[in-house]
Amino acid sequence: MTLPVPYSGAPAYNGPDVQIGDVRVDGVAIYTPVGVWPIQGSRWLVISQPIPITTTAGWGIAMAVISAIFAVVLAPFTCGLSLFLLFGLLFLTAKSHSMSGPLIVSIQSGPYHYMAQEIVHSPLHAAEALQRVNFAQALATR
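Attention in this report is confined to the structure presented alongside it. Predicted, not measured: the structure shown is a model, and the values here were computed from it. (Residues numbered from 1 in each chain as written. Predicted model: local features only at pLDDT ≥ 70, side-chain atom pairs only at ≥ 80, totals over all residues. Heavy atoms only, no water.)

Concerning the pattern of salt bridges
At step 1: Under the counting rule described, the total for this entry stands at three salt bridges.
At step 2: Note that D17 and R24 form a salt bridge whose closest N and O atoms lie 2.9 Å from each other.
At step 3: Classification of D17 by relative accessible area gives partly exposed; the value is 39%.
At step 4: Across the pair E118 and R132 runs a salt bridge whose closest N-O atoms are separated by 2.7 Å. Of the two residues, E118 sits in strand β8 (residues 112-120) while R132 sits in helix α3 (residues 123-140), which places them 14 residues apart along the sequence. Judged on exposure class, the residue E118 and its partner R132 are both buried. (Salt bridge = Lys/Arg side-chain N within 4 Å of Asp/Glu carboxyl O. Buried < 20%, exposed > 50% of the residue type's maximum accessible area, 1.4 Å probe, protein only. Helix = DSSP H or I, 4+ residues; strand = E, 2+ residues; numbered from the N terminus.)

Observations concerning the packing of aromatic side chains
At step 1: Overall, the coordinates contain three aromatic pairs when judged by the stated rule.
At step 2: Ring centres 5.7 Å apart and planes at 15 degrees place the aromatic pair W37 and Y112 in the stacked group. You can see W37 sitting in strand β4 (residues 35-38) and its partner Y112 sitting in strand β8, a full 75 residues away along the chain.
At step 3: With a relative accessible area of 30%, Y112 lands in the partly exposed category.
At step 4: A centroid spacing of 6.4 Å and a plane angle of 80 degrees characterise the contact between W59 and F91, whose relative ring orientation is edge-to-face. Of this pair, W59 sits in helix α1 (residues 58-78) while F91 sits in helix α2 (residues 83-91), placing them 32 residues apart in sequence.
At step 5: Owing to a relative accessible area of 54%, W59 belongs among the exposed residues under this scheme.
At step 6: Grouping aromatic residues by their ring pairs yields a cluster made of W59, F87 and F91.
At step 7: Over the ring of Y31 we find R24; its NZ or CZ atom is 4.1 Å from the centre of that ring. (Phe/Tyr/Trp six-rings, centres within 6.5 Å; stacked < 30°, edge-to-face > 60°. Lys NZ or Arg CZ within 6 Å of the ring centre and 35° of its normal.)

What follows is the structure in structure tokens.
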């Protein structure tokens, strides 16, 4: 089954390209996997659903293991429990914060509609993706 290409005109390059998921946008057209549409008058809607993730930091786990090894090695000399063991438990409280989730962009140009998805991995990546969508919206109102 082949999908029809709704906008068959070959637009000339007019400005910078913006990539949003699997959609590319320049100053004249929106290039989707299902066809090429004019950008003039298109509407853009963003649905952001990132999930914050908090985990124990990798360096904290490594330092806790090293401290536990020191505690075991020094145990005969300290008559039992070493402060290295207690100090190692303190490293396990170190946390690493990140985020992951989809940024869904709904694009409507005339009678055509497409939904692009981009997975964001950090707040900086999410802000940068939203800037690209805002730029595409600005191109649509030119």
